[in-house]
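# Breakdown of the fold
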Amino acid sequence: PDQAVTRPLPDQAVTRPLPDPVSQLTHSVALLPFSSALGSSTSSSQEDQNIATSTKLKNILPTHALHQADTRQVSHSPEEFGSGTESGREVQTVREQQQLLVRDYILSEKHSIGVELWDTERKQDLNNNQLAVLICGFLNTQAGGTIYAGVKRNGLVRGIPLERKDRDTMRQMLDRVLASMINPRVPPNIVDIDFVSVEDKSRPSCPYRLLVVMVKGQSKGLDKVYMAHNLTTRSQVEEGAYVRRGTGPVFNIKLGHQEMLRLVERR
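Attention in this report is confined to the structure presented alongside it. Here the structure is a predicted model, which means the values were calculated and not measured.

### Structural notes on the nonpolar core
Counting residues in each nonpolar core, the largest one holds 32 residues, and the members touching the most others are L131, I135, I147, I182, V191, L211 and V213. Elements with a contribution of two residues or more to this core: α3 (128–139), β4 (145–149), α4 (164–180), β7 (191–199) and β8 (208–215). Top contributing element to this core by residue count: α3, with eight residues. If we skip the residues at most four places from it in the chain, I135 touches I147, L174, V177, L178, I182, V191, V213 and V215. Counting 14 residues, the second-largest nonpolar core is a separate cluster that includes L101, V115, V157 and Y208.

Written out as structure tokens, the structure reads:
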């Protein structure tokens, strides 16, 4: 009897607060195996979108191609991406973290066999004849290449003032070049166009752009010879087959008649 355990009377029972329903539900969900995925779904979805939409720009301007460029959040309209040409490129609306080019800074991509720095600062100088022969030269290589219009030969970024309607005009010009100024006709998805923003801190409202044209080469073998033809009468370049070669400063070389015939026979 001396060692009997005493129990508290009912009115002396210890009362414990009931768990908060929301906290209890949160704790239960946290124990589920997929709870971490639920918590990160928004951020991972945004990350996937950023990766997908930034791929195009990375293909145009790889990170190492920029020198002292600013990085900031930029919003683009749909017409900034894709050319709207008959090759069926899809226009995208993106809000992504990208690198802006700054006017009068240096683009580290050098003028070379694989890169044409088109030294022009006026939209009037972006003529279809010059574009046709440059594209033709890259088409007649295995590696292809890229045209940057709005950059001096020494790599100085200048840009070209191009409003939205001007950029639409440039896409239409590329359509005409591919459809009627290069023979044989260029297949879809071989040539693409884009416009990269160039910031001038002294004139922030001016819509400076680099016009960037990307050309895929004949990676599986040089079995075609592309020729520029139907050039306008005021053209400063000649019709014919062009290739990329030499030591510069001119890398887009027009083939002579005999050399072109030998090239055709080999292919």
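### Examining unusual backbone geometry
In the segment running from N183 into P184, the intervening peptide bond is cis, with an omega of 0 degrees. Looking at the element boundaries, P184 is found in the loop between β6 (182–183) and β7. Residue P249 follows G248 across a cis peptide bond; omega there is 5 degrees. Tracing the sequence through the fold places P249 in the loop between β10 (240–244) and β11 (252–254). The backbone of N189 sits at a positive phi, close to 65 degrees, despite the residue not being glycine. You can see N189 is positioned in the loop between β6 and β7. A relative accessible area of 44% means that N189 is categorised as partly exposed.

### Quick look at the sheet that holds strand β9 (residues 227–228)
One open sheet accounts for four strands, arranged β6-β9-β10-β11; its pairing is antiparallel. Among the strands making up the open sheet, the edge pair consists of β6 and β11. The sheet contact formed by β6 and β9 spans two bridges and is antiparallel. In the sheet register, I182 faces β9, and the bridge partner there is A228. Lying on the sheet, α3 is in contact with β6, β9, β10 and β11; it crosses β10 at an angle near 60 degrees.

### Looking at α4
Along an α-helix, residues three or four positions apart point the same way, because every turn accommodates 3.6 residues. The first and last C-alpha atoms of α4 sit 25 Å apart over 17 residues, in line with the 24 Å expected at 1.5 Å per residue. Every buried residue of α4 is accounted for by D166, R167, M170, R171, M173, L174, V177 and L178. The buried residues of α4 occupy an angular sector of 155 degrees when projected down its axis, which confines them to one face. For α4, the elements touching its buried residues are α3, β5 (160–161), β6, β7 and β8.

### A closer look at the side chain of R158
The topology assignment puts R158 in the loop between β4 and β5. Residue classification places R158 among the buried positions, given a relative accessible area of 17%. At 2.4 Å, the side chain of R158 and the side chain of D104 are in polar contact. If sequence neighbours within four positions are ignored, R158 has contacts with R103, D104, E121, G150, K152, V198 and Y208.

Rules of the game
Positions within a chain are numbered from 1, following the residues in the order the chain's sequence is written. A pLDDT threshold of at least 70 governs which residues receive local features in this predicted model, and a stricter bar of 80 or more applies before side-chain atom pairs are shown or counted, although totals over entire chains, interfaces and linings include all residues. Only hydrogens and water are set aside; all other atoms, that is, all heavy atoms of the structure, feed into the side-chain values. In these notes, a set of buried Ala, Val, Leu, Ile, Met, Phe, Trp, Tyr and Cys residues joined through side-chain atoms within 4.5 Å is what counts as a nonpolar core. Each residue gets one of three labels from its accessible area relative to the maximum for its type: buried under 20%, exposed over 50%, partly exposed in between, using a 1.4 Å probe on protein chains only. Secondary structure counts use DSSP, requiring at least four H or I residues in a row for a helix and at least two E residues in a row for a strand, with both numbered from the N terminus. Working rule for contacts: check all heavy atoms of both residues, and any pair within 4.5 Å makes them a contact. A pair of strands is labelled paired if DSSP reports no fewer than 2 bridges between them. Here an angle of 0 to 180 degrees is reported between the N-to-C directions of two axes, which are lines fitted to C-alpha atoms, with helices fitted over the stretch in contact. To estimate the expected span of a helix, subtract one from its residue number and multiply by 1.5 Å. The arc in question is traced by the directions running from the helix axis to the C-beta atoms. Counting of polar contacts relies on pairs of N or O atoms within 3.5 Å, with two restrictions inside protein: one atom must be capable of donating a hydrogen and the other of accepting it, and residues adjacent in sequence are counted only when both atoms are side-chain atoms.

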